[in-house]
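Below, each chain spelled out in residue letters.
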Amino acid sequence: GENVEQHPSTLSVQEGDSAVIKCTYSDSASNYFPWYKQELGKRPQLIIDIRSNVGEKKDQRIAVTLNKTAKHFSLHITETQPEDSAVYFCAASSPTSGTYKYIFGTGTRLKVLA
Amino acid sequence: GAVVSQHPSWVICKSGTSVKIECRSLDFQATTMFWYRQFPKQSLMLMATSNEGSKATYEQGVEKDKFLINHASLTLSTLTVTSAHPEDSSFYICSASSGAGTGELFFGEGSRLTVL
């Protein structure tokens, strides 16, 4: 089955700097890669996603890149702000037995220092 | 975006009792719902995939008889933790997708279960 690894587990950056979180996946059949932000005690919220036929996607300060050959994808946050502090999860959607499973990475706790 | 509602948001029960958690998609039909378990400061661990009108598919290591999942309609899935024990205490969160595996997952608010 699919396995998603995520690094780093924690990340501290100064306000205004960039943050990069990386994920690798194992199942070459995975074709959808979302990123979720989870604030303490709240449900995960989608912040950006990318499909397997695209190499890069950007939405204001957030961008995601995908390298299907290497089976890795990354989240880039530029001009970080204190409100970006949260736990970020990557995920891979993998078809299996006629349905799909969303497997999550281990999470990255981002702290933006003011 | 679509709305998924989960209830109850928190529950405390005695060891040996059963607890039912409901997950509803309020404004879309969810053919498939997913149940995750999240320990403090850890990731979302997929427990099972719930398909409307059929048996749930459980992940390896998840006890089918302990975590009963029912997906009776396109808008409701339930998770029942049977004969709960303190080690079952956790944050349980459901999610649903309106797409066919390549669409956004919408999460419920989550249910924090504490077993005394």
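All of these numbers come straight from a predicted model, not from anything done at the bench.

Draft legend 1. Molecular detail of the overall build of chain B. The number of helices and strands found in chain B is 0 helices and 11 strands. Listed by position from the N terminus, the elements making up chain B come as β-β-β-β-β-β-β-β-β-β-β. Taking 116 residues into account, the globule formula puts the C-alpha radius of gyration at 13 Å, and chain B, at 13 Å, falls close to it. Principal-axis analysis of the C-alpha atoms gives chain B an extent of 40 × 25 × 20 Å.

Draft legend 2. Representation of the nonpolar core. Counting residues in each nonpolar core, the largest one holds 40 residues, and the members touching the most others are Trp35, Leu75 and Phe104 of chain A together with Tyr36 of chain B. The leading source of residues in this core is strand S9 (residues 86-96) of chain A, at 7 residues. Formed by 26 residues, the second largest nonpolar core is a distinct cluster that contains Phe28, Ala30, Phe67 and Phe106 of chain B.

Draft legend 3. Layout of the interface of chain A and chain B. Contact with chain A, which involves 19 residues of that partner, is made by 25 residues of chain B. Taking both sides of the interface into account, the surface hidden between chain A and chain B amounts to around 1800 Å²; carbon and sulfur atoms contribute 54%. Taken as a group, Arg43, Tyr102 and Phe104 of chain A account for 35% of the area that chain A buries against chain B, more than any other trio of residues on that side. Linking chain A to chain B there are 2 salt bridges. Counting every contact that joins chain A to chain B gives 7 residue pairs in polar contact (both at pLDDT 80 or more). For the side of chain A that touches chain B, the secondary-structure elements that each account for two or more residues are strand S4 (32-38), strand S5 (45-51), S9 and strand S10 (99-104) of chain A.

Draft legend 4. Up close: the packing of aromatic side chains. Scanning the model with the defined rule gives 14 aromatic pairs over all chains in all. Ring geometry for Tyr32 of chain A versus Tyr102 of chain A: centroids 6.3 Å apart, planes at 85°, classification edge-to-face. Taken together, the positions of Tyr32 of chain A in strand S4 and Tyr102 of chain A in strand S10 put the pair 70 residues apart, joining distant regions of the chain. Measuring from centroid to centroid gives 6.1 Å for Tyr36 of chain B and Phe107 of chain B, while their planes differ by 50°, and the two rings are tilted.

Draft legend 5. Highlighting the environment of Leu46 of chain B. Tracing the backbone shows Leu46 of chain B in strand S5 (residues 44-51). Leu46 of chain B gets classed as buried once you look at its relative accessible area, which sits at 11%. Spatially, the C-alpha atoms of Leu46 of chain B and Thr32 of chain B are 13 Å apart, while their sequence positions differ by 14 residues. Those residues in contact with Leu46 of chain B, other than ones at most four positions away along the chain, are Lys101, Tyr102 and Ile103 of chain A together with Phe34, Trp35, Tyr36 and Glu59 of chain B.

Each value, and the rule that gives it
- Residues numbered from 1 in each chain as written.
- Chains lettered and ligands numbered in written order.
- Predicted model: local features only at pLDDT ≥ 70, side-chain atom pairs only at ≥ 80, totals over all residues.
- Heavy atoms only, no water.
- Helix = DSSP H or I, 4+ residues; strand = E, 2+ residues; numbered from the N terminus.
- Rg over C-alpha atoms; globule rule 2.2 N^0.38 Å.
- Core = buried A, V, L, I, M, F, W, Y, C linked by side-chain atoms within 4.5 Å.
- Buried < 20%, exposed > 50% of the residue type's maximum accessible area, 1.4 Å probe, protein only.
- Contact = heavy atoms within 4.5 Å.
- Buried area = accessible area lost by both parts, 1.4 Å probe.
- Salt bridge = Lys/Arg side-chain N within 4 Å of Asp/Glu carboxyl O.
- Polar contact = N/O pair within 3.5 Å; in protein donor to acceptor, adjacent residues only side chain to side chain.
- Phe/Tyr/Trp six-rings, centres within 6.5 Å; stacked < 30°, edge-to-face > 60°.

The values are spatial; any link to function lies outside them.
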